[in-house]
Amino acid sequence: EAGVTQFPSHSVIEKGQTVTLRCDPISGHDNLYWYRRVMGKEIKFLLHFVKESKQDESGMPNNRFLAERTGGTYSTLKVQPAELEDSGVYFCASSQYGGSVHSPLHFGNGTRLTVT
Amino acid sequence: SQQGEEDPQALSIQEGENATMNCSYKTSINNLQWYRQNSGRGLVHLILIRSNEREKHSGRLRVTLDTSKKSSSLLITASRAADTASYFCATVSGTYKYIFGTGTRLKVLA
């Protein structure tokens, strides 16, 4: 079984530019999550998809962030325009079931975003 | 808002010793999970304990949960250099909400 894959693994962009991160969850996993970790801080929830629908996007910092999950398969997270404080590691995770049926999350290796 | 908060932030021990890290949280939960992250990699699920369980074991891992104190602990026995990593607790509330803390950085010295 292929794991969660994220692309790119690293991205360095200038302030004001646009970056798109991609996540391919494990096949058959309806639940897809995006998280972000800023240096030394908590792994912060951004949003959660169930299939193609946004279940919870309460963690999205502002309208410069746009997440999509076309057809309920892979997901993209676009930052436009990027600001310095957007730097961090962006993780994607997927699960087959929701948390109430005691399902673990499967994580990708993350995308390290540096905004200069 | 942050739910899980691990303690200590960093821990350094000798190989063969036991490592204990703690997690405190704020709201009611369905279950609590522990994950490990090796540098540059994604988080890997270690163990899950449900809200109606008090203790769980898996190999060299022992997890306890005290819902009255809203706290959990992870014990790694007979630590190895390969256990060097960051460890995170995640609380699961509602149906889908997984909330992580800041993590404990564990260093096991050979």
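Look up: the structure comes first, before these words.
For clarity, every value in this text was computed on a predicted model and none was experimentally measured.

Student: Residue-level account of the overall build of chain B, with values.
Tutor: The helix and strand inventory of chain B stands at zero helices and eleven strands. Ordered by position in the sequence, the α and β elements of chain B form the string β-β-β-β-β-β-β-β-β-β-β. Taken against the 2.2 N^0.38 rule, which gives 13 Å for 110 residues, the C-alpha radius of gyration of chain B at 13 Å falls within 12% of a compact globule. Reported as C-alpha extents along the three principal axes, the dimensions of chain B are approximately 40 × 25 × 20 Å. If you average the places of the 14 positive and of the 9 negative side-chain charges in chain B, the two averages end up 6 Å apart.

Student: Outline the interface of chain A and chain B, supporting the account with residue identities and numerical values.
Tutor: Contacts between the two partners involve 27 residues from chain A and, on the opposite side, 24 residues from chain B. Around 2000 Å² of area is buried between chain A and chain B when both sides are counted, 56% of it from carbon and sulfur atoms. Linking chain A to chain B there are one salt bridge. When the shortest N-O distance is used, the salt bridge between Lys-97 of chain B and Asp-56 of chain A registers 2.7 Å. On the surface where chain A and chain B come into contact, there are nine residue pairs in polar contact (both at pLDDT 80 or more). Contributing elements (two or more residues each) for the side of chain A that touches chain B: strand S4 (31-37), strand S5 (43-50), strand S6 (53-56) and strand S9 (88-95) of chain A.

Student: With reference to specific residues and values, describe the packing of aromatic side chains.
Tutor: Per the stated rule, a full pass over the model turns up ten aromatic pairs over all chains. Summarising the aromatic geometry, the rings of Tyr-35 of chain A and Phe-45 of chain A are spaced 5.9 Å apart at their centres and angled 75 degrees between planes, so their arrangement reads as edge-to-face. On the criterion of sequence distance, the pair formed by Tyr-35 of chain A in strand S4 and Phe-45 of chain A in strand S5 is long-range, its members being ten residues apart. Taken individually, Tyr-35 of chain A and Phe-45 of chain A each receive the classification buried, so the pair is uniform in this respect. The structure contains a cluster of three or more aromatic residues connected by ring pairs, namely Tyr-33, Tyr-35, Phe-45, Phe-91 and Phe-107 of chain A together with Tyr-35, Tyr-98 and Phe-100 of chain B.

Student: Tell me what's going on with the sheet that holds strand S1 (residues 5-7) of chain B, and back it up with residues and numbers.
Tutor: Residue and element names in this part refer to chain B. Taken together, the five strands give an open sheet; going across it, the order is S1-S3-S8-S7-S6, and neighbouring strands pair in antiparallel fashion. Among the strands making up the open sheet, the edge pair consists of S1 and strand S6 (55-58). Strand-to-strand, the axes of this sheet are offset by a mean angle of 20 degrees, without reference to chain direction. One ladder, built from six bridges, connects strand S3 (residues 19-24) with strand S8 (residues 71-76); its direction is antiparallel. Each bridged residue has a counterpart across the sheet, and for Ala-19 the counterpart in S8 is Ile-76.

Student: Any details on the sheet that holds strand S7 (residues 65-68) of chain A? Residues and values, ideally.
Tutor: All names here are of chain A. One open sheet accounts for four strands, arranged S1-S3-S8-S7; its pairing is antiparallel. The open sheet has two free edges, formed respectively by strand S1 (5-7) and S7, since each of these has just one partner strand. Adjacent strand axes in the sheet meet at a mean angle of 15 degrees, parallel and antiparallel pairs treated alike. As defined by bridge partners, strand S3 (residues 19-24) adjoins strand S8 (residues 75-79) across five bridges and the pair is classed as antiparallel. Residue pairing in the sheet places Leu-21 in a bridge with Leu-77 of S8.

Rules behind the numbers
Residues numbered from 1 in each chain as written. Chains lettered and ligands numbered in written order. Predicted model: local features only at pLDDT ≥ 70, side-chain atom pairs only at ≥ 80, totals over all residues. Heavy atoms only, no water. Helix = DSSP H or I, 4+ residues; strand = E, 2+ residues; numbered from the N terminus. Rg over C-alpha atoms; globule rule 2.2 N^0.38 Å. Lys, Arg positive; Asp, Glu negative; His and termini not counted. Charge placed at Lys NZ, Arg CZ, Asp CG, Glu CD. Contact = heavy atoms within 4.5 Å. Buried area = accessible area lost by both parts, 1.4 Å probe. Salt bridge = Lys/Arg side-chain N within 4 Å of Asp/Glu carboxyl O. Polar contact = N/O pair within 3.5 Å; in protein donor to acceptor, adjacent residues only side chain to side chain. Phe/Tyr/Trp six-rings, centres within 6.5 Å; stacked < 30°, edge-to-face > 60°. Buried < 20%, exposed > 50% of the residue type's maximum accessible area, 1.4 Å probe, protein only. Pairing = 2+ DSSP bridges. Axes fitted to C-alpha atoms, helices over the stretch in contact; angles between N-to-C directions.

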